[in-house]
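Here is how the chains run, residue by residue.
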Amino acid sequence: MNKQDIRYQTYLNILEEELVPAMGCTEPIALAYAAAKARKVLGALPDRVLLQVSGSIIKNVKSVIVPNTGHLKGMPAAAAAGIIAGDSDRELEVISQVPEDKITEIKHFLENVQTEIEHIDHGHVFDIIVTEYSADSYARVRITDYHTNIVLIEKDKKILFEKPLADPSEESAANSRADRSLLNMEDIWDFICTADTGDLAPVLDRQIQYNYAIAEEGIRGDYGANIGSVLLKTYGNDISVRAKAMAAAGSDARMNGCELPVIINSGSGNQGITCSVPLVEYARELHADKDTLYRALALSNLVAIHEKTGIGTLSAYCGAVSAGAGAGAGIAYLCGGNYTDIIHTVVNALAIVSGIVCDGAKASCAAKIAFSVDAGLLGYNMYKNGQEFKSGDGIVMKDIESTIRGIGLLGKDGMRRTNEEIIRLMTGEESL
């Protein structure tokens, strides 16, 4: 692919837009970001806070530890962290630098300032409105559709900033900065085979460094369900086990208060870990050179983004599935696979684990990641051994692009009612 081709620069832009650092699970961090921004606009410490959030935000914030808060959980904790210690200029790293005395202040704020939570449905799966009050003044910030997309800043009935809301029926396309509609498997393959790895290195070096570091911390420490350690103790130290274990360990650490940043994919740190850590592990095992790893990582990340474009930022369809299929494609490339190997790996992986539901961010995400990476590996090994799922086998369609489009419809439209039922099961008014 020629560098002057619009697809070349678009694919680079997509990687730069998607592979950004975040501290902690991205939904509570987006809430902290909105709260920090509102606090800055208000110009005073609020004496009352109103959090209006869509159901998927409730689902993804409820059970995860907010980093740098002394292991606090939940929406009030995320908002309080942003208000007391947040730096809104750092966006998804808004609470990455919190002194010890600020942790005490966060807890004091939670004990003394009323925080109300309201479940809203304005047609956007991802929707956060934070309103902070101080005496007769207020400041309001709204983030919609993706984690840093501020669409409204208001103070005392004066609109300071506003941008048009995306049409929810066209959510994934409208939210794109670079044009995701240009993504397809043939062009992704052309791009990763011909790209100047000097163009890829700046964003991918950071993903390698950050995500492998949190995976190592997850293996060393005691986080969540310790899925990575369980896998290694139960199944041994084979490369396929290590690839799953390290990715799971990174997720367990991230979900359970580890104060290390992660490079995300499609708005998710878990997906960023899944797309990258197994490939780093395989590259070490295979003694792959850096350029080969860069190409494999670009493939893994772009495949996952391509799958997620149709699904949207949040869904009842587990994002680890898309990322695991991407990881399978990247590992297939590291093992010498060609284009045909890659597309069959992705289709096989999707056929195996597309039934995994997202029931929020918490420790079990690590186990879902392990299974999704395993599906990617099995998908590749199936095809190497002359086996594949074919058109008509369930949700497998006539070709790779049709299958990915079908998965998008399943995740975005077909599972909308599933998402509502999951939220209903997870939460009652008393638990918000």
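Residues numbered from 1 in each chain as written. Predicted model: local features only at pLDDT ≥ 70, side-chain atom pairs only at ≥ 80, totals over all residues. Heavy atoms only, no water.

The name an unreviewed UniProt entry assigns to the chain is UPF0597 protein H9758_05680, from the organism Candidatus Mediterraneibacter faecipullorum. UniProt, in the comment section headed Sequence similarities (unreviewed entry), describes the chain in these words: "Belongs to the UPF0597 family." (UniProt positions renumbered as here; feature names shortened; annotations may be inferred.)

A. The arrangement of the sheet that holds strand β5 (residues 114-119) in detail. Overall, mixed pairing links the six strands, which are arranged β5-β2-β6-β7-β8-β9 in an open sheet. At either margin of the open sheet sits one strand with a lone partner, and together these are β5 and β9 (158-162). Across the sheet, the axes of successive neighbouring strands diverge by a mean angle of 15°, strand direction being ignored. In this structure, strand β7 (residues 137-144) lies alongside strand β8 (residues 150-155), joined through five bridges in antiparallel fashion. Opposite Ile143, over in β8, you have Ile150 as the bridge partner. Along the sheet, helix α2 (residues 26-42) makes contact with β2 (48-53), β6 (127-134), β7, β8 and β9, crossing β6 at roughly 35°. (Pairing = 2+ DSSP bridges. Helix = DSSP H or I, 4+ residues; strand = E, 2+ residues; numbered from the N terminus. Axes fitted to C-alpha atoms, helices over the stretch in contact; angles between N-to-C directions. Contact = heavy atoms within 4.5 Å.)

B. Up close: the pairing of β8. Among the six residues that make up β8, five are buried, leaving the element largely enclosed by the rest of the structure. Taking the residues between adjacent antiparallel strands as the criterion, β7 and β8 are bridged by five residues, where Asp145 takes a positive phi near 80°. Bridge count for β8 against β9 is four bridges, and the pairing is antiparallel. When the bridges of β9 are listed, Ile153 appears paired with Phe161. Adjacent in sequence and paired antiparallel, β8 and β9 are bridged by two residues, among which Asp156 carries a positive phi angle near 50°. (Buried < 20%, exposed > 50% of the residue type's maximum accessible area, 1.4 Å probe, protein only.)

C. Region of the structure containing the packing of aromatic side chains. By the definition in use, this model includes five aromatic pairs. Between Tyr133 and Tyr138, the aromatic rings sit 6.3 Å apart at their centres with planes inclined by 45°, giving tilted as the arrangement. The burial state of Tyr133 is the same as that of Tyr138; both residues are buried. Measuring from centroid to centroid gives 5.9 Å for Trp189 and Tyr333, while their planes differ by 75°, and the two rings are edge-to-face. Separated by 144 residues along the polypeptide, Trp189 in helix α7 (residues 185-194) and Tyr333 in helix α13 (residues 319-334) bring together distant segments of the chain. (Phe/Tyr/Trp six-rings, centres within 6.5 Å; stacked < 30°, edge-to-face > 60°.)

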